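Residue-level listing of the chains:
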Amino acid sequence: MTTFDFSTGPERAGSDSIKWRRYADRDVIPMWVADMDFAAPPAVLEALHTRIDHGVFGYADPWPSVAEAVIDGIARDHAWQIKPEWLVWLPGVVTGFNVAVRAVGQPGDGVFTATPVYPPFLHAPGNFEQRLVTTPLLQHGTRWEWDWSRTEAAMADGVRLFMLCNPHNPVGRVFDRDELGRIAALAERHDLVICSDEIHCGLVLDPAKPHIPIASLDESVAKRTITLMAPSKTWNIPALYCAFAIIPDAGLRARYKRAMAGIVPHVNVLGLVATEVAYRDCGPWREALLDTLRANAARVVDVINSLPGLSTTPVEATYLAWIDCRELLATRGIANVAAFFEAAGVGLSDGKDFGLPGFVRLNFGCPPARLEEGLVRIRRAVIS
Ligand SMILES: Cc1ncc(COP(=O)(O)O)c(C=O)c1O
């Protein structure tokens, strides 16, 4: 059996990495942008080398075996059987949900999402003169949950599109069948289209909580759902720009494609090469990655919850931990949480960008030793 080494990674300092360049001249460990400090799977690298050796990079269309790999992978990993014609290839998931907003609503319509959430969700409605409508997720004990009555009430505000993030960035939840069923029922009652960003679906850490694509619940949910997926997070290839929407309903798919016309480019050919190999051959790499991420997640939860003024919740999926710093900020009189941790040598994402000030998001998709150094710096800053 092949083994994979996640104890180290290539040097990214001085590279083109957005995550690392921000702190090029400072001793700050970058733990913000959501990519990992690991090389892509060896099989992906090999396929890319072979394709590059061909030497010609003319316009390309996705070939049948790419779609086959994706379809088989989704059936195998998420028990959802999709059809080839449901796939719409995209250069990214952010593009994908912006197109969904454009396709579904008119200027002035409401677009719903629950906060905190991945910041581009919050900007997408405004990109098309539509209105952002939000309700907060609520923390009950160690679990982030939906506020069902407020969510239901929010639909009255002219909402046409329900933007779901599942598994959830940043709270790390994998929504269960009951929660997804309630969202689907709400969409039926208010005749909404659901845009479900499932980019993190390959990164479920808790085997007891499998990812369920909301569109797989039943046919009527599928008909009103645009599901967005990509190999980019799971196999760490986001800058290869290859993603896809899964849209079972022909009418909705046609609207979606019309909204793409003239502004959404074809997918990068290297992204397609990597996608095929990732979905088809890189399950063992993913399993090994998940072992590392599980251990990293446990370490983050242990350390953070042992520190005064900080707390976090179990990470069911993703390599992102969502940390409540409000008590620390209040007792120490800290105004800028991200600047506080940067001064301590750790670069985190500021919760205010996700719609919830007082929190930070920590990316633990890195070798365990680097994570440990980051946690040491956080501890030093908090207990000093
Ligand atoms: C929920 C979510 N959607 C989309 C993206 C980015 O997708 P893409 O790079 O394919 O546009 C991210 C990246 O962090 C994310 O967390």
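Novice: Please explain the environment of serine 65 as it appears in this structure.
Specialist: Mapped onto the secondary structure, serine 65 falls in helix H3 (residues 64-78). Considered as a pair, serine 65 and valine 277 are 212 residues apart in the sequence and their alpha carbons are 9.8 Å apart.

Novice: What exactly am I supposed to notice about the nonpolar core here?
Specialist: Considering soluble globular proteins, one finds that nonpolar side chains tend to be buried as a cluster. With 78 residues, the main nonpolar core has Leu310, Phe341, Leu362, Phe364 and Ile378 as its most contacted residues. If you count residues domain by domain, this core takes at least three from each of domain 1 (18-41 + 283-383) and domain 2 (46-281). Setting aside residues no more than four positions away along its own chain, isoleucine 378 makes contact with Ile304, Leu307, Leu310, Phe341, Val346 and Leu362.

Novice: I keep staring at the sheet that holds strand E11 (residues 311-312) and nothing clicks. Help me out?
Specialist: The strands making up a sheet associate through hydrogen bonds between their backbones, and the pairing can be parallel or antiparallel. Read from one edge of the open sheet, four strands run E11-E12-E15-E14, paired in antiparallel fashion. Each end of this open sheet is capped by a strand with a single partner; those strands are E11 and strand E14 (349-350). For strand E12 (residues 320-324) and strand E15 (residues 359-363), the ladder comprises five bridges, and the chain directions are antiparallel. Along E15, the bridge assignment pairs tryptophan 322 with arginine 361.

Novice: I'm lost on the domain arrangement of the chain in this one. Help?
Specialist: For the chain, the domain assignment lists domain 1 (18-41 + 283-383) and domain 2 (46-281). Taken residue by residue, the interface counts 32 residues in domain 1 and 35 residues in domain 2. For the pair domain 1 and domain 2, the summed buried area comes to about 2800 Å², and 58% of that belongs to carbon and sulfur atoms. Considering only the side of domain 1, the residues that lose the most area to domain 2 are Arg286, Glu316 and Phe354, jointly responsible for 27% of the buried surface there. At the junction of domain 1 and domain 2, the tally comes to three salt bridges. One salt bridge in this structure joins lysine 209 and glutamate 316, with 3.3 Å as the shortest N-O distance. Counting across the domain 1 and domain 2 interface gives 15 residue pairs in polar contact (both at pLDDT 80 or more).

Novice: When you look at unusual backbone geometry in this model, what are you seeing that I'm missing?
Specialist: A cis geometry characterises the amide bond from threonine 115 onward to proline 116, with omega recorded as 0°. Topologically, proline 116 is positioned in the loop between strand E3 (110-115) and helix H5 (119-127). The peptide bond linking asparagine 166 to proline 167 adopts the cis configuration, its omega dihedral lying at -5°. On the secondary structure map, proline 167 appears in the loop between strand E7 (159-165) and helix H7 (177-189). At tyrosine 241, a position not held by glycine, the phi torsion is positive, near 50°. Mapped onto the elements of the fold, tyrosine 241 is located in the loop between strand E9 (225-229) and strand E10 (243-246).

Novice: Would you mind showing me how to read the packing of helix H11 (residues 283-306) against helix H14 (residues 368-383) here?
Specialist: Describing two packed helices takes the angle between their axes plus the distance from one axis to the other. Between H11 and H14, the least distance of the axes is 11 Å, while the angle of their chain directions is 10°. Here H14 runs roughly parallel to H11, going by the angle between their axes. Facing Thr292, Asn296, Arg299, Val300, Val303 and Ile304 of H11, the residues of H14 in contact are Pro368, Leu371, Glu372, Leu375, Ile378 and Arg379. Residues belonging to the contact of H11 with H14 are distributed by class as follows: seven nonpolar, two polar and three charged.

Cut-off values and rules
Residues numbered from 1 in each chain as written. Predicted model: local features only at pLDDT ≥ 70, side-chain atom pairs only at ≥ 80, totals over all residues. Heavy atoms only, no water. Helix = DSSP H or I, 4+ residues; strand = E, 2+ residues; numbered from the N terminus. Core = buried A, V, L, I, M, F, W, Y, C linked by side-chain atoms within 4.5 Å. Buried < 20%, exposed > 50% of the residue type's maximum accessible area, 1.4 Å probe, protein only. Domains from an automatic or database assignment. Contact = heavy atoms within 4.5 Å. Pairing = 2+ DSSP bridges. Buried area = accessible area lost by both parts, 1.4 Å probe. Salt bridge = Lys/Arg side-chain N within 4 Å of Asp/Glu carboxyl O. Polar contact = N/O pair within 3.5 Å; in protein donor to acceptor, adjacent residues only side chain to side chain. Axes fitted to C-alpha atoms, helices over the stretch in contact; angles between N-to-C directions. Parallel < 35°, antiparallel > 145°, perpendicular 65-115°, else oblique. Nonpolar A, V, L, I, M, F, W, Y, C, P; charged D, E, K, R; others polar.

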